[in-house]
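# Per-entry structural report
If you want the building blocks of each chain, they are given just below.
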Amino acid sequence: MDLDEIDDKLEKAIVWTEDQHFYDHLGFDFKRLAGAIVKDIQTMSLKEGGASTITQQYARNLFLSHEKTWKRKLYEAFYTIRLEMFYDKDELLEGYLNTIYYGHGAYGIEAASKYYFNKSAKDLSWAEATLLAGIPKGGPSIYSPFHDLENAKQRQAFILENLLENDVIDQATYDAAINEKLNFSDDRMIVKNSIAPYFQDIVVEELKSLLDLNMEEIRSGGYKVYTTLETDQQLALQTASESVLNNGEIQVGAVAMDPDTGGITALVGGQNYEASSFNRAVQAKRMPGSSFKPFLYYAALENGMTAATTMMSKPTTFALENGQSYQPSNFNNYYANAPITMAQAVALSDNIFAVKTNLYVTPERFARIAKEKFAIESPLEPVASLALGTEVVSVKEMVTGYSIIANGGKKVNSHVIEKVTDSQGNVIYQYEEPKEEAGGFPFFSKKETNQLLKPALTYILTDMMKGMFDQELNGYMSVTGASIADQLTHDYAGKSGTTESDSWMVGFSLN
């Protein structure tokens, strides 16, 4: 926001609060600085941050972390001198006002004005301007009115008194401001009404990685980021998530991904971002249960089994190589007590068939295939129960693995950023889909390919995954998706999973 668009009241409140001699010094207030240095030396600490001028704070916001070390102080002094050399005071004040943090996700005075008062920074009253001016000094955790209104009002009163004593405002203005009833915004736009806040968090993390930048550099760099988010899908996913969360203690993690590009088109990381910003779609690791089985059955197909391979479904105790025994059970202790095919085992989610298959493939081979061919990055212990999804993974990992099945077995690079431009509009990053690389001398090198799965086997696996919704295919035996089969409007392939604490559903549409 340009300085001439920001209300003059706010500029005066900030300058007279943060740095009274801003327009007179060359970046440092030496009198205040000397006092702070003496105190730092006496206490052998760096707690005296009150001597920082606006230029010093701006330098810190632009280029440095907020760690309190002597090295950082020296760098701060260097950058302060550089800023004073190349920018005039109005430019420095404008930059400072547009980068300072006001809490609750609001960076810059315009964002803060809209967050706290639902109005532009050019329309603030003296009461509103002085309350905002008081937030950065001690930090939002102390002076945000949404954290501690009494502290915020005391800080506002101090600033108004300072302005009155220095003849910046008169007594009538002071009286009006100190008695004005503040109308705080009921619409917290930055967090509450911001679409996909969990998605935005992973955009920031991906941007930091792609450009090798820290948070301060991202905030002040003027970058324009084009993402993979599809608003319609995001709103649909949020609505669907909210419709099933009728218990305040239940949480949710959900991801929608374009299987052809790997672009994440919608993401929900929890039921309430303000209450918890922990992203359960990306950060949480949970046991996926039976939703992990499609990876197992692809490994089985690759190792000679077919959709028609039959094995008995009945209570079974497995004797393992380590001398221990393992006795899994089916949901509700239901067994066919008869031979069933692999296709039926997928549709019924038969655990006995799955463990037998894992022991045939070998857990070591299954774990390797899950990692190499389905992009599972979390550690996988090669044990018999891996067939039942007993190792922890993220929702994002599972969706990536299923996307590989959905696109016919091709490699998927999950991402949220398509393009980034700088403040001048120059493209500094453009996502490119993975390309196949030709090998060198044919006898000694191998062509790198994006085809991870065999197309024919992927087709068979996908067809088997349709079975969870196909009651007719499995006759008298109830398939796991029977309860919603009549509600489906497209052909879907998928797999559910149930553990003691979680319910999973992962799948994709076929048309």
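Residues numbered from 1 in each chain as written. Predicted model: local features only at pLDDT ≥ 70, side-chain atom pairs only at ≥ 80, totals over all residues. Heavy atoms only, no water.

### Observations regarding the overall build of the protein chain
- What the protein chain contains, in helices and strands, is 20 helices and eleven strands.
- Going through the 511 residues of the protein chain one by one, you find that 46% of them count as buried.
- Partitioning the contacts of the protein chain with sequence separation of at least 6, the portion at a separation of at least 24 is 66%.
- When the accessible surface of the protein chain is totalled, it reaches about 26100 Å², and 50% of it is carbon and sulfur. (Helix = DSSP H or I, 4+ residues; strand = E, 2+ residues; numbered from the N terminus. Buried < 20%, exposed > 50% of the residue type's maximum accessible area, 1.4 Å probe, protein only. Contact = heavy atoms within 4.5 Å. Areas by Shrake-Rupley, 256 points an atom, 1.4 Å probe, with all protein chains shown as cover.)

### Brief notes about the packing of aromatic side chains
- One pass over the structure, following the stated rule, counts 15 aromatic pairs.
- A ring pair is formed by Phe117 and Phe184, whose centres lie 5.5 Å apart and whose planes are at 20°; its orientation type is stacked. Here Phe117, found in helix H6 (residues 109-117), pairs with Phe184, found in the loop between helix H11 (171-179) and helix H12 (197-211); they are 67 residues apart in sequence, far enough to count as distant.
- Following the ring pairs from residue to residue traces out a cluster consisting of Phe292, Phe295, Tyr298, Phe366, Phe374 and Tyr402.
- Lys89 extends its terminal NZ or CZ atom over the ring of Phe22, reaching a point 4.6 Å from the ring centre.
- Across the ring face of Tyr226, the terminal group of Lys419 is positioned such that the distance to the ring centre comes to 4.5 Å. (Phe/Tyr/Trp six-rings, centres within 6.5 Å; stacked < 30°, edge-to-face > 60°. Lys NZ or Arg CZ within 6 Å of the ring centre and 35° of its normal.)

### Side note on the layout of surface pockets
- In this model, the largest pocket occupies a volume close to 1700 Å³.
- Elements with a minimum of two residues in the lining of the largest pocket: helix H14 (231-244), strand S2 (254-257), helix H19 (395-406), strand S10 (492-498) and strand S11 (503-509).
- Here the lining of the largest pocket is built from residues that sort into 29 nonpolar, 13 polar and five charged. (1 Å grid on protein atoms, 1.4 Å probe; cavity = no way out; pocket = protein on both sides within 12 Å on 5 of 7 lines; lining within 4 Å. Points joined across faces, edges and corners; volume = space filled by probe spheres on them. Nonpolar A, V, L, I, M, F, W, Y, C, P; charged D, E, K, R; others polar.)

### Description of the confidence of the model for the protein chain
- Taken as a whole, the protein chain shows an average pLDDT of 86; of its residues, 86% reach a score of 70 or greater.
- Residue range residues 189-193 is modelled with pLDDT below 50. Its contacts to residues more than four positions away, or to other chains, number 16 contacts.
- When the criterion is pLDDT under 50, residues 440-445 qualifies, and its contacts beyond four places in sequence or with other chains add up to two contacts. (pLDDT = per-residue confidence, 0-100.)

### Thoughts on the side chain of Asn330
- For Asn330, the position within the fold is in the loop between strand S6 (325-326) and strand S7 (338-341).
- Looking at Asn330, the relative accessible area reads 7%, which means it is buried.
- Reaching out from Asn330, the side chain makes a polar contact with the side chain of Asp350 at a distance of 2.9 Å.
- Discounting chain neighbours no more than four positions away, the residues touching Asn330 are Ser313, Tyr335, Ser349, Asp350, Asn351 and Ile352. (Polar contact = N/O pair within 3.5 Å; in protein donor to acceptor, adjacent residues only side chain to side chain.)

### Some points on a nonpolar patch on the surface
- Where nonpolar side chains cluster on the molecular surface, the patch consists of Ile81, Met85, Phe86 and Tyr87 and spans about 450 Å² of accessible area.
- A residue is classified by how much of its surface remains accessible, and Tyr87, at 44% relative accessible area, is partly exposed. (Patch = residues over 30% accessible without salt bridge, like charges linked within 9 Å, V, L, I, M, F, W, Y side chains within 5 Å. Salt bridge = Lys/Arg side-chain N within 4 Å of Asp/Glu carboxyl O.)

### Considering unusual backbone geometry
- Unusually for a residue other than glycine, Asn337 sits at a positive phi of about 55°.
- Among the secondary structure elements, Asn337 is positioned in the loop between S6 and S7.
- Its relative accessible area of 52% is what places Asn337 among the exposed residues.
- Despite not being glycine, Ala375 has its phi angle at roughly 60°, a positive value.

### Points about the pattern of salt bridges
- In this structure the tally under the stated criterion is nine salt bridges.
- With a closest N to O distance of 2.9 Å, Glu84 and Lys89 form a salt bridge. Both residues of the pair, Glu84 and Lys89, belong to the buried class.
- Lys208 serves as the salt-bridge partner of Glu205, at 3.4 Å between the closest nitrogen and oxygen. Within this pair, Glu205 and its partner Lys208 are both found in helix H12, separated by three residues, close to a single helical turn.

### Overview of the packing of helix H15 (residues 293-302) against helix H18 (residues 363-374)
- Viewed as axis vectors pointing N to C, H15 and H18 meet at an angle of 105°, and their least axial separation amounts to 9 Å. Compared by their axis directions, H15 and H18 come out roughly perpendicular. On H18, the residues that touch Phe295, Leu296, Tyr298, Ala299 and Glu302 of H15 are Phe366, Ile369, Lys373 and Phe374.
- Across the contact of H15 with H18, the residue classes break down as seven nonpolar, no polar and two charged. (Axes fitted to C-alpha atoms, helices over the stretch in contact; angles between N-to-C directions. Parallel < 35°, antiparallel > 145°, perpendicular 65-115°, else oblique.)

### Digging into the nonpolar core
- Counting 72 residues, the largest nonpolar core has Phe292, Phe295 and Tyr297 as the members making the most contacts within it.
- In terms of residue count, the dominant contributor to this core is H15 (seven residues).
- Ignoring anything within four residues of it in the chain, the contact list for Phe295 reads Phe366, Phe374, Ile376, Met398, Gly401, Tyr402 and Ile405. (Core = buried A, V, L, I, M, F, W, Y, C linked by side-chain atoms within 4.5 Å.)

### Concerning the sheet that holds strand S9 (residues 427-430)
- Taken together, the three strands give an open sheet; going across it, the order is S1-S8-S9, and neighbouring strands pair in antiparallel fashion. Looking at which strands have only one partner, the edges of the open sheet turn out to be strand S1 (224-227) and S9. Ignoring which end each strand starts from, the neighbouring axes of this sheet average 15° apart.
- Relative to strand S8 (residues 417-421), S1 is paired through four bridges, and the arrangement is antiparallel. When the sheet's bridge partners are listed, Val225 is paired in S8 with Val420.
- Its contacts with the sheet place H12 against S1, S8 and S9, and it is angled at close to 60° to S8. (Pairing = 2+ DSSP bridges.)

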